[in-house]
Amino acid sequence: AAGVIQSPRHLIKEKRETATLKCYPIPRHDTVYWYQQGPGQDPQFLISFYEKMQSDKGSIPDRFSAQQFSDYHSELNMSSLELGDSALYFCASSLRLAAKDNEQFFGPGTRLTVL
Amino acid sequence: SQELEQSPQSLIVQEGKNLTINCTSSKTLYGLYWYKQKYGEGLIFLMMLQKGGEEKSHEKITAKLDEKKQQSSLHITASQPSHAGIYLCGADKIGGGSNYKLTFGKGTLLTVNP
């Protein structure tokens with residue numbers, strides 16, 4: 001079965017650079033979530049999109065922005081990168097409308113290292 | 001403060017032993033999810049509980065949500081090295097509301113010695 005695809009899997013950037021992370025949800029899923037997991041930390045919710053509209057917003061810095069496109073893939077854009085942005089970034093998708101529950105399927109993550 | 005408290009933080013067991021991981025909230029949990037994560041990898045969905053008193057099992061793993069819907073436990077019977085990893089509980093709509101985002105506990109690192 002198709003899973004959530006994230007690219008790239010690994011990314012190394014310098015401070016103050018920009019980065020773009022991509023997420024391709026499971027086909028027909030209508031909701032995408034972004035989470036950030038720092039070393040030894042639990043995943044922290046950043047932002048979500050439902051039917052291409054921003055749905056919830058969490059602890060996402062102003063330097064970050066995200067959007068969901070017409071084909072439902074999503075991109076997380078990160079500017080003026082800081083050392084503290086080094087983390088594992090997860091994308092998850094779910095089918096909100098039809099489902100009785102909120103089972104979120106997670107991608108393998110993008111490991112971002114800021115030097 | 002952490003909305004979901006997991007205990008223990010880490011656990012080392014001998015293969016074949018049973019173990020329990022707990023996840024507690026001070027607020028009502030409307031959707032409680034258990035995930036497993038291998039270090040540095042994605043989260044694998046295990047089980048989801050919604051109703052007070054609900055219990056679900058898959059292979060050797062059983063998850064329960066108490067009647068008050070504020071505590072969940074994950075029990076592994078006859079543990080195997082393949083059970084090793086980080087177990088995370090997550091919840092949405094904590095205390096009510098319409099949030100679909102998941103809030104996670106800090107995780108429990110399980111090591112199973114052969």
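Above this note sits the structure.
Keep in mind that this is a model prediction, so the values were computed, not measured.

Student: Explain the interface of chain B and chain A to me, and be specific about the residues and the numbers.
Tutor: Taken together, the contact pairs 20 residues of chain B with 20 residues of chain A. When chain B packs against chain A, the two sides together hide about 1,700 Å² of surface, and 54% of this comes from carbon and sulfur. Joining chain B to chain A, the criterion identifies one salt bridge. Of the charged contacts, one joins D42(A) and K106(B) as a salt bridge, the two residues approaching to 3.2 Å between their closest N and O atoms. Put simply, chain B and chain A have five residue pairs in polar contact (both at pLDDT 80 or more) between them. Secondary-structure elements contributing two or more residues to the side of chain B that touches chain A are β4 (31-37), β5 (43-49) and β9 (85-92) of chain B. For the side of chain B that touches chain A, the per-class residue count stands at nine nonpolar, seven polar and four charged.

Student: Any details on the side chain of Q68(A)? Residues and values, ideally.
Tutor: All names here are of chain A. Turning to its location among the elements, Q68 is positioned in strand β7 (residues 64-68). Separated by 2.8 Å, the side chain of Q68 and the backbone nitrogen of K52 make a polar contact. Polar side-chain contacts of Q68 include one of 3.1 Å to the backbone oxygen of Y72. Not counting chain neighbours up to four residues away, the residues in contact with Q68 comprise D30, V32, F49, Y50, E51, K52, M53, H73 and S74.

Student: Tell me about unusual backbone geometry, residues and numbers included.
Tutor: Look at the link from S7(A) to P8(A): it is a cis peptide, with omega at -10°. Structurally, the position occupied by P8(A) is in the loop between β1 (5-7) and β2 (10-13). Phi is positive for Y72(A), close to 75°, though the residue is something other than glycine. The phi dihedral of A78(B) falls on the positive side, at around 50°, and the residue is not glycine. Its location among the elements puts A78(B) in the loop between β8 (71-76) and β9.

Student: Residue-level account of the sheet that holds β7(A), with values.
Tutor: Residues and elements named next belong to chain A. Across the sheet, four strands lie side by side as β1-β3-β8-β7; this open sheet has antiparallel pairing. Where the open sheet ends on each side, the last strands, each with one partner, are β1 and β7. Sheet twist, expressed as the mean angle between neighbouring strand axes with direction ignored, is 15°. Of the pairings in the sheet, the one linking β1 to strand β3 (residues 19-24) comprises three bridges and is antiparallel in character. Bridging across to β3, Q6 finds its partner in C23.

Student: Pulling in residues and values, what's your account of the pairing of strand β5 (residues 44-50) of chain A?
Tutor: All names here are of chain A. By the criterion of burial, β5 is predominantly enclosed, with five of the seven residues buried. Across six bridges, the pairing between strand β4 (residues 31-37) and β5 is antiparallel. Bridging across to β5, Q36 finds its partner in Q44. Between β4 and the antiparallel strand that follows it, β5, lie six residues; G40 among them carries a positive phi value of about 70°. Across four bridges, the pairing between β5 and strand β6 (residues 53-57) is antiparallel. Of the residues in β6, the one forming a bridge with S48 is D56. The turn joining β5 and β6, which pair antiparallel and follow one another in sequence, is formed by two residues; a positive phi near 50° is taken by E51.

About the cut-offs
Residues numbered from 1 in each chain as written. Chains lettered and ligands numbered in written order. Predicted model: local features only at pLDDT ≥ 70, side-chain atom pairs only at ≥ 80, totals over all residues. Heavy atoms only, no water. Contact = heavy atoms within 4.5 Å. Buried area = accessible area lost by both parts, 1.4 Å probe. Salt bridge = Lys/Arg side-chain N within 4 Å of Asp/Glu carboxyl O. Polar contact = N/O pair within 3.5 Å; in protein donor to acceptor, adjacent residues only side chain to side chain. Helix = DSSP H or I, 4+ residues; strand = E, 2+ residues; numbered from the N terminus. Nonpolar A, V, L, I, M, F, W, Y, C, P; charged D, E, K, R; others polar. Pairing = 2+ DSSP bridges. Axes fitted to C-alpha atoms, helices over the stretch in contact; angles between N-to-C directions. Buried < 20%, exposed > 50% of the residue type's maximum accessible area, 1.4 Å probe, protein only.

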